[in-house]
Amino acid sequence: SQTIHQWPATLVQPVGSPLSLECTVEGTSNPNLYWYRQAAGRGLQLLFYSVGIGQISSEVPQNLSASRPQDRQFILSSKKLLLSDSGFYLCAWGGVRQETQYFGPGTRLLVL
Amino acid sequence: EDQVTQSPEALRLQEGESSSLNCSYTVSGLRGLFWYRQDPGKGPEFLFTLYSAGEEKEKERLKATLTKKESFLHITAPKPEDSATYLCAVLPQTGFQKLVFGTGTRLLVSP
């Protein structure tokens, strides 16, 4: 069966510091991968998606970036965090011909 | 613009008191409608996918239905462990597999 992991689970970072969040998927090959952000009282916002290694599409202009160095690894990064980057970050995967997306446990990021 | 509206924002039920959650959507062609359950501090857990009007899916005390404009999540004889936020999302026909989410309904079931 498929499993999706995210780490760290919680992160507190100062404004202006760098960020790296990691997501890995097990039990499937060539998945579509997604990064979402969930803010309190708002729906999930799609940030990035990837259909393959090195292929990244950005949905929202911001100071975040994403990379996919391996088939089942997806990384969310920032060079300098802003207060507004605080939130709950979720990674998800989906099959190439499958519409359903499955979510990881999430990373709670607090920027102070 | 594709949009999903969920109501009510919050719902409080007594154990055993059945009710329904609503998900209204406007989308340029529907490829699928999805229901997820989310517990506090955790990622959404997939419940159902519905593809066409008239379709129904069931899982334990939950039943999801779909019309051309909305979906309902019916909860029959709920238990306290059903307390969670329920999220609805749609996948439009056009474009890549980009889900459009509602803001969810927070359900609290009291014993």
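In this numbering scheme, every chain counts its residues from 1 along its sequence in written order. For this description, chains carry letters from A and ligands carry numbers from 1, given in the order in which they are written. Totals for whole chains, interfaces and linings use every residue, but because this is a predicted model, local features are given only for residues with pLDDT of at least 70 and side-chain atom pairs only at 80 or more, for both listing and counting. Hydrogen atoms and water are omitted, and side-chain values are computed over all heavy atoms in the structure.

K.L.:
It is not clear to me how the overall build of chain A should be interpreted in this structure. Could you clarify?
P.N.:
Counting its secondary structure elements, chain A contains zero helices and eleven strands. Each helix is a run of DSSP H or I of at least 4 residues and each strand a run of E of at least 2, with the numbering of both proceeding from the N terminus. For chain A, the α and β elements follow one another from N to C terminus as β-β-β-β-β-β-β-β-β-β-β. Atoms counted for the radius of gyration: C-alpha only. Globule rule: 2.2 Å times the number of residues to the power 0.38. A globule of 112 residues ought to have a C-alpha radius of gyration of about 13 Å, and chain A, at 13 Å, matches this closely. Projected onto its principal axes, the C-alpha coordinates of chain A cover approximately 40 × 25 × 20 Å. For chain A, the proportion of its 112 residues judged to be buried stands at 49%. Within chain A, contacts between residues at least 6 apart in sequence are counted, and of these 54% link residues at least 24 apart. Note on areas: Shrake-Rupley, 1.4 Å probe, and residue coverage restricted to the protein chains presented here. On chain A, roughly 5300 Å² of surface is accessible, and the fraction owed to carbon and sulfur atoms is 53%. Each residue gets one of three labels from its accessible area relative to the maximum for its type: buried under 20%, exposed over 50%, partly exposed in between, using a 1.4 Å probe on protein chains only. Contacts: residue pairs with any heavy atoms within 4.5 Å of one another.

K.L.:
Would you take a moment to explain the sheet that holds strand 1 (residues 3–7) of chain A for this structure?
P.N.:
Paired through their backbone hydrogen bonds, the strands of a sheet run either parallel or antiparallel. All names here are of chain A. Pairing is antiparallel in the open sheet, where four strands are placed in the order 1-3-8-7. A single partner strand is all that each edge strand has here, and the edge strands are strand 1 and strand 7 (64–70). Here the strands of the sheet are splayed against their neighbours by 20° on average, with no regard to which way each runs. Pairing of strand 7 with strand 8 (residues 73–78), which is carried by five bridges, proceeds in the antiparallel orientation. Considered in strand 8, the bridge of S67 is made with I75. At least two bridges found by DSSP between two strands are what make those strands a pair. Lines fitted to C-alpha atoms define the axes, with helix axes restricted to the stretch in contact, and inter-axis angles between N-to-C directions lie between 0 and 180 degrees.

K.L.:
What should I look at first to understand the interface of chain B and chain A in this one?
P.N.:
For interface size, the figure often reported is the accessible area lost on association. Counting residues at the interface gives 20 residues for chain B, matched by 25 residues for chain A. Computed with a 1.4 Å rolling probe, the buried area is the accessible surface lost when two parts are put together, summed over both parts. Taken together, both faces of the contact between chain B and chain A bury some 1700 Å²; the carbon and sulfur share is 57%. Area buried by chain B at its contact with chain A is led by F96, Q97 and F101 of chain B, which between them contribute 32% of it. Salt bridge, as used here: a side-chain nitrogen of Lys or Arg that lies within 4 Å of a carboxyl oxygen of Asp or Glu. Put simply, chain B and chain A have two salt bridges between them. Put simply, R31 of chain B and E99 of chain A hold a salt bridge, and the shortest N to O gap is 3.9 Å. Polar contacts, as counted here, are pairs of nitrogen or oxygen atoms within 3.5 Å of one another; within protein the pair requires one atom able to donate a hydrogen and one able to accept it, and residues that are adjacent in sequence qualify only if both atoms are side-chain atoms. Here chain B is connected to chain A by six residue pairs in polar contact (both at pLDDT 80 or more).

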